[in-house]
Amino acid sequence: MAISDKINKLKSEKQAVILAHNYQRPEIQDIADYVGDSIELSRRAKAEKDAEVVLFAAVDFMAESAAVLNPEKKVLLPCVGSKCSMVQMLTTEQLRLWKRRYPKTPVVLYVNSLAEAKAESDVCCTSANAVQVVDALDAERVLFGPDRNLAEYVAEKTGKEVIPIPPQGFCPTHILFMKEDIEAQRREHSGAKVAVHPECSKDVRNSADFVGSTSQICRYANASTAKKFIIGTEVGILHKLRKENPQKVFLPAYGGAICNAMKLTTMERLYQSLKEERTQIIIPKGIANRARRALTRMHDLTG
Ligand code: 13P
Ligand code: SF4
């Protein structure tokens, strides 16, 4: 039996649902029940009322958020090594120090963060709603981490003071994009539209026609009348873009922009994970309860 058939058989036996991030390998996206960005996956995990098992083809923080928001479900991460590097850039101890330094300043945490850190925060955000979340807060100054570029983007869009914590948190994949590469591609492909993720540097964001989360980039490309696009985010998204728009051309702004953590999920690992129901993500109750407050507040503020 083909591995995809084995996965599908187990999936129905176990009442499981497979959620995959837009950066996953093409074959993982194809077998998933749903493919989306961080906020969509988080909403979807909750909406899957009949699912007993949620197999999260993504990275650690996404599966953790699903486990925090759905304590009654078994959330599985196929490969425990699928760790987003940015998450590790803000420890809970560091966060507590920042809070002591700015006692009355709300803490907005990008979901790409530790569950313990979320538990110390006032509200979470994703790249899709960071501007909306900070806008909605009754404060002119916020602490924001761990991504410095997203913090800067939010400051530009809201006009508020956004203090990046730590000062230099970054995504190792998105810092690889260079405005010079984008300019060269624009010269080569005249008329092409450029869409990038807010984790990119200011220079790169300023050289783009559109800045948004991975799914916002997909929606932008789907709605646009342009025929060619240069994409400044992890290359896994190209599969979805091409599948949804076979008549359009999608080029990576930099072909080496690969998130290794996302690529650790293979069909074999997905199958083994579902078969053996591992690795279940379990967040200690005290942390989960406090992290849930910050995640729920994000959902409440953004609808
Ligand atoms: P999205 O929420 O836009 O999918 O981004 C998640 C991420 O990790 C980007 O690098
Ligand atoms: Fe984390 Fe960057 Fe990978 Fe996104 S692309 S999961 S921010 S390491």
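The structure presented is a predicted model; accordingly, all values stated were derived computationally and were not measured.

A few words on the sheet that holds strand S7 (residues 141–145). Sheet strands line up and pair through hydrogen bonds in the backbone, either parallel or antiparallel. With parallel pairing, the four strands of this open sheet are ordered in space as S6-S5-S7-S8. In the strand order of this sheet, the two ends are held by strand S6 (123–125) and strand S8 (161–164), each with one partner. When the angles between neighbouring strand axes are averaged without regard to direction, this sheet yields 30 degrees. As paired strands, S7 and S8 are joined by four bridges and run parallel to one another. Bridging from a neighbouring strand, Leu 143 pairs with Ile 163 of S8. Relative to the sheet, helix H5 (residues 92–101) contacts strand S5 (107–110), S7 and S8, its axis offset from that of S5 by approximately 150 degrees. Contacts between helix H8 (residues 148–158) and the sheet are confined to S5, S7 and S8, with S8 contributing the most and set at about 175 degrees to the helix.

The immediate surroundings of ligand 2 are formed by Tyr 23, Val 59, Cys 84, Ser 85, Met 86, Asn 112, Cys 171, Thr 173, His 174, Glu 199 and Cys 259. A molecule is said to occupy a pocket when more than half its atoms come within 2 Å of that pocket's grid points, and by this definition ligand 2 occupies the largest pocket. Classifying every residue of the shell around ligand 2 gives six nonpolar, four polar and one charged.

This part takes up empty space enclosed by the protein. One pass over the full model with this rule turns up one cavity of 30 Å³ or more. Taken as a whole, the largest cavity spans an internal volume of roughly 80 Å³. Ser 38, Leu 41, Ser 42, Phe 56, Phe 61, Met 62, Ser 65, Ala 66, Val 111, Thr 126, Leu 295 and Met 298 are the residues that line the largest cavity. Counting residues per element, the ones that place at least two in the lining of the largest cavity are helix H3 (38–47), helix H4 (60–69) and helix H15 (285–302). The leading source of residues in the lining of the largest cavity is H4, at four residues.

Rules of the game
Residues numbered from 1 in each chain as written. Chains lettered and ligands numbered in written order. Predicted model: local features only at pLDDT ≥ 70, side-chain atom pairs only at ≥ 80, totals over all residues. Heavy atoms only, no water. Pairing = 2+ DSSP bridges. Helix = DSSP H or I, 4+ residues; strand = E, 2+ residues; numbered from the N terminus. Axes fitted to C-alpha atoms, helices over the stretch in contact; angles between N-to-C directions. Contact = heavy atoms within 4.5 Å. Near = heavy atom within 4 Å. 1 Å grid on protein atoms, 1.4 Å probe; cavity = no way out; pocket = protein on both sides within 12 Å on 5 of 7 lines; lining within 4 Å. Sits in = over half its atoms within 2 Å of the grid points. Nonpolar A, V, L, I, M, F, W, Y, C, P; charged D, E, K, R; others polar. Points joined across faces, edges and corners; volume = space filled by probe spheres on them.

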